[in-house]
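# Summary of structural features
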Amino acid sequence: MQVTILGCGGAGGVPTLSRGWGHCDPAHPRNRRRRPSILVTPGAGQGGGGAASPDPILVDTAPDLREQLLEAGVTRLSAVLYTHAHADHVHGIDDLREINRVMGCPIDVYSDAETLEILERRFPYALAPQPADTDYIFKPLLISRRIAGALDVAGVRIRAFEQDHGVMTTLGFRFGDGFAYSTDVVALDDAAFATLAGVHTWVVGCMGWSDLPTHAHVDKVLGWAARVQPRRLVLTHLGPGMDYETLRRRLPEDAEPAHDGMVLEVPD
């Protein structure tokens with residue numbers, strides 16, 4: 001399985017309009033961060049025969065999605081998973097229209113009932129069927145799929161778990177045995193830790209150095225990792241206070257900061 005970090009910044013990216021580069025060195029290319037999305041590409045043969053890998057699974061449609069997918073060379077998707085409906089995770093949804101045009105068909109989008117209801121209210125045209133009187137794809141074509149238990153996408157078993165984001169509940173995702181993704185989280189319960197148990201690589205949101213009401217900070221994430229004990233820990237959703245080199249030097253050997261375009265090879 002291959003995981004690509006399309007964007008590892010927070011809601012404002014880095015640099016932000018309000019704070020600029022903050023404490024991040026503008027000369028270091030890994031400090032320039034787009035909003036948070038990832039791609040999960042199953043390994044060869046996981047999709048049910050043949051050597052070719054299935055199309056990747058996209059998690060969240062960040063506002064920078066067009067540039068992210070162009071850079072990753074992605075024009076096809078197996079599905080989209082949404083962690084929650086905050087703008088920095090959703091508002092690139094219109095860029096999915098271009099994927100529909102390449103594929104010539106709708107895309108399944110998965111999330112919990114609350115997130116899907118918000119998407120249907122905010123982007124009703126995207127979840128509406130293609131009009132019968134035209135073959136021209138002029139809008140996103142998305143099919144809403146509520147997550148109810150584990151699901152299989154592109155040959156990968158995916159388990160969702162609830163996370164406390166302070167102001168709302170978000171979803172984390174466990175992909176097969178090897179990979180898990182937790183962004184926009186400030187607290188995890190025992191059920192989440194049970195789902196994370198034994199994971200090889202865990203990508204976790206970590207907004208800053210100090211305690212925040214809606215996002216985990218460095219010490220909290222390291223405390224979670226001590227309980228989960230992943231082989232590899234990657235910190236994402238990094239704010240402008242998180243200089244890449246400073247963070248890299250301060251983290252333990254089995255942990256590291258994410259950067260845009262980072263590719264993780266994860267056991268299936």
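These remarks concern the structure in this document. In this text, all values refer to a predicted model and were calculated from it rather than measured experimentally.

### Concerning the packing of aromatic side chains
Inspection of the entire model under this criterion finds 3 aromatic pairs. Note on Phe-173 and Phe-175: the rings are 6.3 Å apart at their centroids and 55° apart in plane angle, and the pair reads as tilted. The same class applies to Phe-173 as to Phe-175, namely buried. Following the ring pairs from residue to residue traces out a cluster consisting of Phe-173, Phe-175 and Phe-179.

### A closer look at the pairing of strand E1 (residues 2–7)
Among the 6 residues that make up E1, 5 are buried, leaving the element largely enclosed by the rest of the structure. One ladder, built from 3 bridges, connects E1 with strand E14 (residues 263–265); its direction is antiparallel. Its bridge partner lying in E14, Gln-2 is registered against Glu-265. Relative to strand E2 (residues 37–41), E1 runs antiparallel, the two sharing 5 bridges. From the neighbouring strand, Gly-7 faces E2, where its bridge partner is Ser-37.

### Remarks on unusual backbone geometry
Here Val-14 and Pro-15 are connected by a cis peptide whose omega angle stands at 0°. Summarising the element assignment, Pro-15 is placed in the loop between E1 and E2. Positive phi, close to 60°, is recorded for Gln-229, a residue that is not glycine. Structurally, Gln-229 is set in the loop between helix H7 (218–228) and strand E12 (232–236). A relative accessible area of 61% places Gln-229 in the exposed class.

### Topic: the side chain of Asp-260
Looking at the secondary structure, you find Asp-260 in the loop between strand E13 (255–257) and E14. At 2.9 Å, the side chain of Asp-260 and the backbone nitrogen of Cys-8 are in polar contact. At 2.7 Å, the side chain of Asp-260 and the backbone nitrogen of Arg-34 are in polar contact.

Rules used in this analysis
Residues numbered from 1 in each chain as written. Predicted model: local features only at pLDDT ≥ 70, side-chain atom pairs only at ≥ 80, totals over all residues. Heavy atoms only, no water. Phe/Tyr/Trp six-rings, centres within 6.5 Å; stacked < 30°, edge-to-face > 60°. Buried < 20%, exposed > 50% of the residue type's maximum accessible area, 1.4 Å probe, protein only. Helix = DSSP H or I, 4+ residues; strand = E, 2+ residues; numbered from the N terminus. Pairing = 2+ DSSP bridges. Polar contact = N/O pair within 3.5 Å; in protein donor to acceptor, adjacent residues only side chain to side chain.

Limitation: the analysis is restricted to geometry and does not speak to function.
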